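Each chain, letter by letter, is given below.
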Amino acid sequence: MGWNTRIWRRSTALGLSLSACVYGVATAQEVSGLRGLVSETDITSSIQSGAGAETGLPAPRYEPVTPSPSGDPASAEAPAETSNSRSSRTPSTAIARERAREARNVPAQAGQTPLDGVVTNGIPEGDLDETDGVDRADSTDALNPRVGAIESNFQASEENPYAPLGLRVGTFTVTPTLEQGVTWTTNADSSPGSGEAAISETTLRLNAVSDWSRHAATIDAYGIYRKSVSGEAVSDIEGGIDGALRFDLAGDYTALASLGYTVSPESASSPVVIVGVEDRPIRHIIDGSLGLSKDLGKLRLSATGSLTREHYGDATLIDGSTLSQKERNSTLATLRLRTGYAISPALAPFIEGEVGRRFYDEERDSAGYERSATRFAARAGVMVDIEEKLSGEASIGWVAEDIDDDRLNTVSGLALAAALNWSPQRGTDVRLDASTTIEGTTDPGDSGSILHSGTLRVERQIRANLTAEAAAGLSWRDYENGGHDLTMNGEAGMTWWLNRTLGLTGRARYEKRTSSLPSREYDASSVFLGVRMQR
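Residues numbered from 1 in each chain as written. Predicted model: local features only at pLDDT ≥ 70, side-chain atom pairs only at ≥ 80, totals over all residues. Heavy atoms only, no water.

A. Geometry of the overall build of the chain. Along its length, the chain carries 4 helices and 22 strands. Sequence separation of at least 24 residues holds for 53% of the intrachain contacts in the chain that already meet a minimum separation of 6. Here the chain has roughly 33,400 Å² of accessible surface; of this, 58% comes from carbon and sulfur atoms. (Helix = DSSP H or I, 4+ residues; strand = E, 2+ residues; numbered from the N terminus. Contact = heavy atoms within 4.5 Å. Areas by Shrake-Rupley, 256 points an atom, 1.4 Å probe, with all protein chains shown as cover.)

Structure representation (structure tokens):
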């Protein structure tokens, strides 16, 4: 066989092979259905099939869309397709998830409402009754509460960012305040003949308010300790606690109860003169009251009973001995009846009558006088309640105590009382307090005195962390046997809060007394600087 014959045979074999390949490729194209561009779904399916082969993970089993009449998925027939059908290919993950969702739409129990065939799996509107829309809205609001726009950073600021937060103790909110500073004064104990001194002063105050859905209770307590750093010797302590409770009863009845206790050294300017005293006696006062009020239409009726106990310790004399003061101990019991009429919800005038008895522990004092007395009083006034603007009450009347001993005159005089709070504008508070007190005495032949006192106090919040306050006081003591004392005082101060807990405070005070009696006049100036802490 020649060289040319071998070349011809090899060329013929190569041509037949190429023709067979071309015919095989064309046949495969017709079977697989490829026409033009390959779709994204086919590319994804091919990639997933290849990944399964490489990783050893089995490909998802084909599930026909239309189940067979016999219920056997294996015998189900796919819908008719053209020659480009892709039913023989492995379905993609997206297709499998779609078929799983459709399978979950099949009701688990007979009679259950089928879910909508869309991706949301919602209940078709045609199957809802009239109340389903409301229930669905309520459920949506509960699971997805409305919130503000996320692009807004605005937040409402606190009304007073320097106000105390208080401590939660049971059902009460307790606000403690501690003040520590030094006072320089020209008159250490506010009495005639006293000298100047620098005094360390510590004051602790507690306020507790109940948080009850019904009834209410408040508790106020304080303690003050004063000790000389230099100058005139001063060392005293005083304190007190007051509680009030209101019960809201059925039938428009209201019960009010209060209890208080104070302890302090007797003032050096007391009307009771103790000769040669070194330390004034300690004075204890316990007072309590219980009242019941009733609203009958516009009528306001109330009855209140009260007890006040005064107890004096022994006085220390210059020579070191003590002098008993038990003959000054007494108990005052009174009953007050009040009738008011509400002209409007904000204004209710009233009249009040009072009767009582003062009992002294000693039937006769050291001078042989019977000091017990019968008390009578009548007042007329008005109660005001104009929301946050003005609240409280004020009254005027007459009070008298008729002493049992015929040798002693009756102590009587004008009775003034007021407790008013006024806020002319936000950040400004004005308070007026006034009272009338009958003071007993053990001086031979002296019936006692009547003291009228009043204080006007203004507090102004200049800034959120800066508060200014000012006060003016006036008192008039009228002795039954002749003579009088007039005392005037004024005070101004400021508190600058560094933060919610700590602040700097300072105040200046001036007090002056004039008297028609000898050795009763004095004046005193003082300045206080310190820090105030609150919680």
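There's more to say after this.
B. Spatial organisation of the packing of aromatic side chains. This structure, assessed with the given rule, holds 1 aromatic pair. Geometrically, the ring pair formed by Phe-172 and Trp-212 is edge-to-face, given 5.6 Å between the ring centres and 80 degrees between the ring planes. With a gap of 40 residues between them, Phe-172 in strand S2 (residues 172-185) and Trp-212 in the loop between strand S3 (197-210) and strand S4 (216-231) connect regions that are remote in the sequence. Cation over ring: Arg-407 sits above Tyr-369, and NZ or CZ is 4.2 Å from the ring centre. Sitting over the face of the ring of Phe-528, Arg-507 holds its NZ or CZ atom 4.2 Å from the ring centroid. (Phe/Tyr/Trp six-rings, centres within 6.5 Å; stacked < 30°, edge-to-face > 60°. Lys NZ or Arg CZ within 6 Å of the ring centre and 35° of its normal.)

C. View of the sheet that holds strand S10 (residues 315-317). Pairing in this open sheet of 3 strands is antiparallel, and the strands run S7-S10-S11 from one edge to the other. Whereas interior strands pair on both sides, the edge strands pair on one side only; in this sheet they are strand S7 (277-279) and strand S11 (322-323). Across 2 bridges, the pairing between S7 and S10 is antiparallel. Bridge pairing in S10 links Asp-279 to Thr-316. (Pairing = 2+ DSSP bridges.)

D. How the structure looks around the nonpolar core. Residues Tyr-369, Ala-373, Ala-377, Val-399, Ile-403, Leu-408, Val-411, Ala-415, Ile-438 and Ile-450 constitute the largest nonpolar core, which totals 10 residues. Mapped by element, the contributors of at least two residues to this core are strand S14 (373-386), strand S15 (390-403) and strand S16 (411-425). For Ile-450, the residues in contact, after removing those within four places along its chain, are Val-399, Val-411, Ser-412, Gly-413, Leu-414, Thr-436, Thr-437, Ile-438, Trp-476, Arg-477 and Asp-478. (Core = buried A, V, L, I, M, F, W, Y, C linked by side-chain atoms within 4.5 Å. Buried < 20%, exposed > 50% of the residue type's maximum accessible area, 1.4 Å probe, protein only.)

E. Expanded view of the environment of Leu-432. Among the secondary structure elements, Leu-432 is positioned in strand S17 (residues 428-439). Its relative accessible area of 33% is what places Leu-432 among the partly exposed residues. Considering only alpha carbons, one finds Leu-432 and Trp-422, 10 residues apart in sequence, at a separation of 8.5 Å. With residues near it in sequence (within four places) discarded, Leu-432 still touches Ala-418, Ala-419, Leu-420, Thr-455 and Leu-456.

F. Geometry of unusual backbone geometry. Its identity as a non-glycine residue notwithstanding, His-215 has a phi of 70 degrees, on the positive side. Mapping His-215 onto the fold places it in the loop between S3 and S4. Within the chain, Ser-519 stands out as a residue other than glycine whose phi angle is a positive 60 degrees.

G. Structural view of the pattern of salt bridges. Using the criterion set out here, one finds 28 salt bridges in the structure. Across the pair Glu-401 and Arg-375 runs a salt bridge, and its minimum N-O distance is 2.8 Å. Here Glu-401, found in strand S15, pairs with Arg-375, found in strand S14; they are 26 residues apart in sequence, far enough to count as distant. With respect to burial, Glu-401 and Arg-375 carry one shared label: buried. Ionic contacts of the salt-bridge type, sharing partners, join the residues Arg-336, Arg-338, Glu-352, Glu-354, Arg-358, Arg-375, Arg-379, Glu-393 and Glu-401 into one network. (Salt bridge = Lys/Arg side-chain N within 4 Å of Asp/Glu carboxyl O.)

H. Main features of the side chain of Asn-329. Among the structural elements, Asn-329 can be located in the loop between S11 and strand S12 (330-341). Of note is the side chain of Asn-329, whose polar atom sits 2.8 Å from the backbone nitrogen of Tyr-312. Beyond its immediate chain neighbours, meaning those up to four positions away, Asn-329 contacts Arg-309, Glu-310, His-311, Tyr-312, Phe-359, Tyr-360 and Asp-361. (Polar contact = N/O pair within 3.5 Å; in protein donor to acceptor, adjacent residues only side chain to side chain.)

I. Spotlight on the confidence of the model for the chain. Residues at a pLDDT of 70 or more form 70% of the chain, whose mean pLDDT is 80. Within the chain, the lowest mean pLDDT, 43, falls on helix H2 (residues 40-55), and the highest, 97, falls on S12. For the stretch residues 117-121, pLDDT sits under 50, and the model shows 7 contacts to residues farther than four places along the chain or on other chains. (pLDDT = per-residue confidence, 0-100.)

J. Geometry of the pairing of strand S21 (residues 502-515). Across 13 bridges, the pairing between strand S20 (residues 484-497) and S21 is antiparallel. In the sheet register, Asp-485 faces S21, and the bridge partner there is Ser-515. Remark: 4 residues form the turn of the hairpin made by S20 and S21, two consecutive strands paired antiparallel. Joining the antiparallel neighbours S21 and strand S22 (residues 522-534) is a turn of 6 residues, in which Ser-519 adopts a positive phi near 60 degrees.

K. Highlighting the side chain of Glu-310. Inspection of the secondary structure puts Glu-310 in strand S9 (residues 299-312). Within the local environment of Glu-310, its side chain forms a polar contact with the side chain of Tyr-312, the two groups lying 3.2 Å apart. Leaving out residues up to four positions away in the same chain, Glu-310 has contacts with Arg-283, His-284, Ile-285, Asn-329, Ser-330 and Arg-358.

L. The pairing of S4, seen in detail. Where S3 lies against S4, 13 bridges are found, and the strand directions are antiparallel. Note that in S4 the partner of Val-209 across the bridge is Thr-218. In textbook terms, the turn of a hairpin is the stretch between consecutive antiparallel strands, and for S3 and S4 this stretch comprises 5 residues, one of which, His-215, has a positive phi near 70 degrees. Here S4 pairs with strand S5 (residues 235-248) via 12 bridges, running antiparallel. When the sheet's bridge partners are listed, Lys-227 is paired in S5 with Ser-235. Two successive antiparallel strands, S4 and S5, enclose a turn made up of 3 residues.

M. Spatial organisation of the environment of Arg-535. Counting through the fold element by element, Arg-535 comes out in the segment after S22. Judged by relative accessible area, which is 40%, Arg-535 ranks as partly exposed. In this structure the C-alpha to C-alpha distance between Arg-535 and Leu-502, which are 33 residues apart in sequence, comes to 9.0 Å. Other than its neighbours up to four places away in sequence, Arg-535 contacts Pro-164, Leu-165, Gly-166, Leu-167, Thr-175 and Pro-176.

N. Representation of a nonpolar patch on the surface in the model. A cluster of nonpolar side chains, contributed by Leu-178, Leu-204, Leu-206, Trp-496, Leu-498, Leu-502, Leu-504 and Met-533, occupies part of the molecular surface with about 630 Å² of accessible area. Only S3 and S21 provide two or more residues apiece to the nonpolar patch. Within the secondary structure, Met-533 is located in strand S22. (Patch = residues over 30% accessible without salt bridge, like charges linked within 9 Å, V, L, I, M, F, W, Y side chains within 5 Å.)

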